[in-house]
Each structure stands twice: as structure tokens, then as C-alpha cells.
Amino acid sequence: MRRNSRFFLLPLLVAVMALLPLQSHAGPLRGDANGDGKVNIADVTELINLLLSGDAEVGNGCVDVNADGVLNISDVTALINHLLSGSELEPIEAQVEEYTVGDVTFYMIPVEGGTFSMGATPEQGSDASSREKPVHQVTVSSYYLGETEVTQALWQAVMGDFPSYFTGMQLPVEQVSWVDCQAFIAALNAMTGQQFRLPTEAEWEFAARGGNMSMGYKYSGSDNLASVAWYSYNDSWDVRGTGYYGTHPVATRNPNELMLYDMSGNVHEWCQDWYGVYDSAAQIDPVGPNIGTTRVYRGGSWYFDEWFCRVSFRNSVSPSYTSYGIGLRLAM
């Protein structure tokens, strides 16, 4: 059967070889069967070989050219037709990723890469500090970011303990140092086989601003901070009268443009970077200084006011520091 299939397919390949143009695209591209970042006759060859061998998986969308969920001869035909017509292939849509550890399920939200102005942009007004200057252009590649801050339920499922000052399974974990977070991530990766990590500072700010869907808000998701954040006004003062004071269950305020919750308020979030001063030069996928003494945290918390909840706010402390106002959000 395999020999007969090859006899049918290879003449077709030879017949169209000279006619096929090349398509290229930034990021994953449907039809890029060999993974070289472009689509041309080599991908037709690779697709045929994968079809004959039965080795291909359609999960990443690249080989599933006609997007019907299976790999067969119609995908070869579709790829050839796309190349002959010169039309753009349907892009591969990044999907929300779901993970479960024990009985705890969490979600990673796709953030499409893009370019943005990082730092003390105009909507920050006079609130911007010297740490947020100069504004500079940053380009980040696509990545995933946790829908919410890491909850105490997930931390317990991975680490087996409850380090937080405030207790509740759906509350964000806090009282965890940057060093503690690295141990948690290493354990989570060992359990899931994934490559979770902390976001870089640039990734954090890009996502907090809403990524490519940004509406230019001062806070993450709104200029009305109370609608998107737990912070000192609607926590320490309004809620204190009911006898409650502290963190709140994740995802109980409105999300930002990317459907990310609590990027402003609830707890500050550790970033991967060592703290460093900004430079005016444009950067691509910056990761911060190579060495340093303090690690960056972002986002504001339940016990701080509006100033700390701005998307450009940044601060840093020792990587061994813990607080009932600092937690983490996963990236990958």
C-alpha cells in the first residue's frame, strides 16, 4: 500500500515543483511541515513523507493545511493549491492551554508577540517615576501567561505546603520569595513535562497593557481601577468594615483586554529579571541585566494605592524577600 501511494504522489510533486512560489511568515505557519519558517515545495515533500510514514501529529496545526483535524491527501492538495494561487494560508490560532495537577486545573493564555512603548507613556502622567524612564520601544515574541496569579490550591498541589499568610485555596499564594518561586516552577515542570517560568519584565508589562489589543489604559484593563483590581481603596477601607482584610480570590475583578485577571492589584507578581535602569534604545525580547542584587516585581497589591497598580510601575527587592503582598504568575 505504501509503495502504491508513493507512486501516485511523487509524480504529482514533480509536476508542480517548478510552479510553486514561496510564502513566509513570522511565527507558526499552517503548511510549514518542516518547521523552517516558510512554506514552499520542500514542505510539500515533507508533508507527503509524513503522510506515508504516519508519523505526523496535527495538534500544532502546521501539517493540517485544510484545518479539518486530520492528515490525509487532501492536505497535500490544499497546500499545492495555496502555493499555486499565491494566497495567504489561514493562520494557526493560538489556543488557551489547560493544565491539571492533581485536582487543580489552571489556564495559560496566548499572548501574540508585538511591539510596544515600555515605561512612562503619556497615560501615566505625573505619576510616572524615574524608574519608569526613558520610554523605549520593545518587541516581544509570542508566549503564554497565566490567566490568574498562582493560587494556593496550585501551590499546595505542587509543593505540598501552604506558605501564605492569608489562607484560601482560590486566594493567590503569597509569602513566597523569588527563590521559592523557582523551586515551585522546577517542581511543576517535572510534574507536567512543560517549561513554565516567570515572565520577563517586558512580557509582564506588554500583557498588562493588553498586548496587541491594548486600549491604552493606565491600569491593566481599565482607567477605573476599582473595576479590575483589589487595592487599598476597595480592600483596606471599604472591605475592612465587613471584617475582611487581605487578598481576594483570583478572577473576581474584571479581566484586561487579553482576559488576564488581577494584573493590577491583589498581589504583586515576581518577574524573572534582575532590576536594571532603562535604556532609550529599542530592544527585542529583553531579559534584564545579567547580574544584580534585586529582582523585579510588578502590578500592585491589595494593601497599596493606585500609584502602585499602574501598568508601568516597577520595583525590586532581594530574591529571598517574602511578603503577604507578593506572589507570582506563570509564563511559558
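About the criteria used
Residues numbered from 1 in each chain as written. Predicted model: local features only at pLDDT ≥ 70, side-chain atom pairs only at ≥ 80, totals over all residues. Heavy atoms only, no water. Phe/Tyr/Trp six-rings, centres within 6.5 Å; stacked < 30°, edge-to-face > 60°. Helix = DSSP H or I, 4+ residues; strand = E, 2+ residues; numbered from the N terminus. Buried < 20%, exposed > 50% of the residue type's maximum accessible area, 1.4 Å probe, protein only. Polar contact = N/O pair within 3.5 Å; in protein donor to acceptor, adjacent residues only side chain to side chain. Contact = heavy atoms within 4.5 Å.

Draft legend 1. Layout of the packing of aromatic side chains. This structure, assessed with the given rule, holds 18 aromatic pairs. Geometrically, the ring pair formed by W155 and F184 is stacked, given 4.6 Å between the ring centres and 10° between the ring planes. Separated by 29 residues along the polypeptide, W155 in helix α4 (residues 152–159) and F184 in helix α5 (residues 178–192) bring together distant segments of the chain. You'll find W155 and F184 in the same group, each marked buried. On the basis of an interplanar angle of 75° and a centroid distance of 5.0 Å, the ring pair of W302 and Y303 is categorised as edge-to-face. The rings of Y165, F166, W302, Y303, F304, W307, F308, F313 and Y324 are connected pair by pair, giving a single aromatic cluster.

Draft legend 2. Region of the structure containing the side chain of S222. With respect to the secondary-structure elements, S222 resides in the loop between α6 (201–208) and α7 (225–228). Of the polar contacts made by the side chain of S222, one reaches the backbone nitrogen of N224; its length is 2.8 Å. Non-local contacts of S222, meaning those with residues more than four positions away in its chain, are made with Y217, S227 and V228.

Draft legend 3. A look at the environment of G265. With respect to the helices and strands, the residue G265 is situated in the loop between α8 (233–237) and β8 (268–274). Its relative accessible area of 0% is what places G265 among the buried residues. Between the alpha carbons of G265 and G299 there is a distance of 6.0 Å; along the sequence they are 34 residues apart. When neighbours within four sequence positions are excluded, G265 is seen to be in contact with E149, A229, W230, G299, G300, S301 and C309.

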